[in-house]
Each structure stands twice: as C-alpha cells, then as structure tokens.
Amino acid sequence: PYVNTKDILEKANKEYYAVAAFNINNLEFLQAIVEGGIEKKSPLIIETSEGAMKYAGMGDPLRGASLFVKMVREFADSLDIPIALHLDHGKNFKYIISAIKAGYSSVMIDASDKPLEENIKTTKDIVRIAHAAGVSVEAELGKLAGIEDNVASSESVLVNPDEAKYFVEETQVDFLAPAIGTSHGAFKFKGEAKLDFDRLKKVKELTKMPLVLHGASSVVQEMVEIAENYGADFGGSKGVPSDILKETVRLGINKVNTDTDLRMAFVAGLREFLHNNPKEFDPRKYMDTAKAYVKKVVSDRLELLGSANKA
Ligand SMILES: O=C(COP(=O)(O)O)N(O)CCCCOP(=O)(O)O
Ligand SMILES: [Ca+2]
Ligand code: NA
Ligand SMILES: [Zn+2]
C-alpha cells in the first residue's frame, strides 16, 4: 500500500531499525528498487530531488511530481509492502507545494544553510501547510560537505544537539536530519571514514524522534570495479563503510538516504552489458544488467539496515 512516511519511520524508531530512502529519476530505478523491496519484504521510501522533478517533468516540476506520484502509487497500490514517496532536499517553495499538491507522502524542507532562527521560521511555515494536507515533514540541522544546497560547501557543519532539541520543539517536524560528518556523492572522506557518533547519540536522547542520515551511500567497491573494468573512472571514490552505517542505526538513525550507490550500480551494469552485447539495441534488454545490479545493492542495503521482513 501507499503510506505516509511517518508511519514507516515511527515503527522503525520504536524497533530501532532503519528504512532506506532510495532516490529515483526514472522508471528503471523504481522497478529495481521495488523488486528489492518485494524480495526482502521490506517497507520502502522512494524519494526524488527537485532536480528529478524538473527532469521527469521536462522543466515543469508539478508535472514531474505528478508523474512520480502516479508511477509510485501504481506499484504501491498493487503490493503488500508499504511504500512512501518523499521530496528530498526541498528548498524551493514552489517545488515543495507542487509535491504536496501532487500527493507526496512527505517533504523535506532543507533550510539548513540558513541561520537557526531562519531555518526554524521556514520549517514552521512548511510544517503548517504540510500537516494541514496530511503530509509529514523532514528538516535538517548542520551542513554536509560536498555539493550541498546547490553550493559546494567546503567543510561540513556538524549538528549542535542542544539546538536540535530546541529546533524540533519549535517546528514540530516529524523527522530530523542531523549532520554528523557525511557528504553527498562518491567522494565522502579524504582520509579514514569517521562520523560523530557522540553528537548522534545526544540528538537521539534529546529528541527521541526518527532521525535521517544523508550522504549514506557506501560506494560498493564491487560495482566500482565492474564500472572501471568497462571504462569508468571512479578513482578516489569512498563511501560510508557498512560497519559505521550499522552503528548509526544502533544509535537511532531510522531513514538512510541512498542515491550514489544506485547510480554506480546502474552505470556498472549498463557499461558491462553494452560492452558485451554490441548488437543489442532493445531498451528492454540493454538495461537488464543495470537493473539487476541496482536490485542487488537495494536488497543488500535493506538487509543491512534491518528493515527486511518488517513490511
Ligand atoms: O543524502 C542523499 C544521498 O546521498 P549519497 O550521495 O550518499 O547517496 N540524498 O539526499 C540524495 C541526494 C540526491 C542528489 O540530488 P540531485 O538529484 O540534485 O543530484
Ligand atoms: Ca542542507
Ligand atoms: Na530527505
Ligand atoms: Zn541528502
């Protein structure tokens, strides 16, 4: 069934597991993610960025949002696993309202690059509108290094746990993304991978609410190697190691945003297939391996986060 993200995350919060939130831009990634969810009998959060809404809507975000709602609902309404659709990194009021209008389960208002009081005010505005429409809300405190907020911020700004308590009380958001040292994309750490577990622990103790980890892709080396075998150059790529990811779940992360790992898996499969099948041009065939690799990465992640058999 098509559900509210909050229902999925409240259950995960109670039982201390996490649910992956997988980004999509097209049909093929959605198909592969849904296949993984069916195989693992796991709840799924599908999420789209504002860029994805523009991409699918060919420049018209409301059309993009409506397209994604229809595609996801078509799958969700016909399956036993709970599926939610979330707007990731909502920053533009028009896009957030479009997602609510189109029927998204939840929206993120990302005003984390603003001073605290402005983040609070903007988030309160969105919470008021979203809650009136039965839509749940995610917000963020702190900043991720790398490409974040459409500006490449050099270093990350980590969450202040006391601010987090004040923030959630003031805004009444449904789930919170505390920055603890991750970053978006395939090049997350210069040296050794390290997250601020202490801050995460404190934010959980002070807020007791479902928490979100952004920049959580692991950069699966098996996929990097396959892609590089067939011409990719992902030198220097590094993600969040599985043991560190598991520790964040133990400390109270309940939603794990995952985009890069699916992108790497898809492109590895596409490169491999096209190299080995020079005569093939049927789109129902040449994305087969790509989709199979995405499904594999999805299934492994659902298992690792503990949401398998929680549908
Ligand atoms: O936190 C994450 C996932 O981070 P990851 O890169 O570790 O997978 N996300 O929020 C996914 C970010 C999606 C990227 O957006 P564009 O469509 O604008 O490119
Ligand atoms: Ca942000
Ligand atoms: Na999000
Ligand atoms: Zn993110």
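Shown above is the structure to which this text applies.
These numbers were taken from a predicted model, which means no experiment stands behind them.

Chemist: Break down the overall build of the protein for me, with residues and values.
Modeler: A tally of regular secondary structure across the protein gives 12 helices and 10 strands. What you see for the protein is a C-alpha radius of gyration of 18 Å, in line with the 19 Å of a compact globule of 311 residues. Seen along its three principal axes, the alpha-carbon backbone of the protein occupies a region of about 60 × 45 × 35 Å. Burial analysis of the protein (311 residues in total) assigns 55% to the buried set. The long-range share in the protein, meaning contacts at least 24 apart out of those at least 6 apart in sequence, stands at 77%.

Chemist: Describe a negative patch on the surface, listing the residues and the values that go with them.
Modeler: Among the surface-exposed residues, Glu-222, Glu-225, Glu-228 and Asp-233 lie close enough to one another that they form a single negatively charged patch. With respect to the helices and strands, Asp-233 occurs in the loop between α9 (221-229) and α10 (242-250).

Chemist: Residues and numbers for the pairing of strand β5 (residues 136-141), please.
Modeler: A large share of β5 lies buried, amounting to six of its six residues. Both faces of β5 are covered, namely the face carrying Ser-136, Glu-138 and Glu-140 and the face carrying Val-137, Ala-139 and Leu-141. Alignment of strand β4 (residues 106-109) against β5, held across four bridges, turns out to be parallel. The partner of Met-108 across the bridge, within β5, is Glu-138. The handedness of the β4 to β5 crossover, carried by helix α6 (residues 116-132), is right-handed. Where β5 meets strand β8 (residues 175-178), four bridges bridge the pair, whose relative direction is parallel. By the bridge assignment, Leu-141 is partnered in β8 with Pro-178.

Chemist: So what about the coordination of the zinc ion (ligand 4)? Which residues, and what values?
Modeler: Of the protein atoms, only His-89 (NE2), His-184 (NE2) and His-214 (ND1) coordinate the zinc ion (ligand 4), at distances of 2.0 to 2.1 Å. Sequence spacing of the donor residues for the zinc ion (ligand 4), all on one chain, is H-x94-H-x29-H. Between the two metals, the zinc ion (ligand 4) and the sodium ion (ligand 3), the spacing is 5.7 Å. Here His-89, found in strand β3 (residues 83-90), pairs with His-184, found in the loop between β8 and α8 (197-207); they are 95 residues apart in sequence, far enough to count as distant. Among the residues examined, His-89 registers a relative accessible area of 14% and is labelled buried.

Chemist: Report on the packing of aromatic side chains, specifying residues and quantitative values.
Modeler: Inspection of every chain in the model, using the stated rule, returns one aromatic pair. The lysine or arginine in question, Lys-204, covers the ring of Tyr-16, its NZ or CZ lying 5.6 Å from the ring centre.

Chemist: Can you break down the site of ligand 1 residue by residue, with the values?
Modeler: Close contacts around ligand 1 come from 16 residues, with Ser-49, Asp-88, Lys-188, Ser-217 and Thr-260 the closest. Arg-263 places a side-chain nitrogen or oxygen 3.1 Å from an oxygen atom of ligand 1. Surface burial for ligand 1 is 80%, taken as the share of its 500 Å² of free accessible area covered by protein chains. Contributions of two or more residues to the shell around ligand 1 are made by β3, β10 (253-258) and α11 (260-276).

What counts, and where the lines are drawn
Residues numbered from 1 in each chain as written. Chains lettered and ligands numbered in written order. Predicted model: local features only at pLDDT ≥ 70, side-chain atom pairs only at ≥ 80, totals over all residues. Heavy atoms only, no water. Helix = DSSP H or I, 4+ residues; strand = E, 2+ residues; numbered from the N terminus. Rg over C-alpha atoms; globule rule 2.2 N^0.38 Å. Buried < 20%, exposed > 50% of the residue type's maximum accessible area, 1.4 Å probe, protein only. Contact = heavy atoms within 4.5 Å. Patch = residues over 30% accessible without salt bridge, like charges linked within 9 Å, V, L, I, M, F, W, Y side chains within 5 Å. Areas by Shrake-Rupley, 256 points an atom, 1.4 Å probe, with all protein chains shown as cover. Salt bridge = Lys/Arg side-chain N within 4 Å of Asp/Glu carboxyl O. Lys, Arg positive; Asp, Glu negative; His and termini not counted. Charge placed at Lys NZ, Arg CZ, Asp CG, Glu CD. Pairing = 2+ DSSP bridges. Right-handed = clockwise from strand over helix to strand, strands pointing away. Donors = N, O, S within 2.8 Å, 3.2 Å for Na, K, Ca; no water. Phe/Tyr/Trp six-rings, centres within 6.5 Å; stacked < 30°, edge-to-face > 60°. Lys NZ or Arg CZ within 6 Å of the ring centre and 35° of its normal. Near = heavy atom within 4 Å. Polar contact = N/O pair within 3.5 Å; in protein donor to acceptor, adjacent residues only side chain to side chain.

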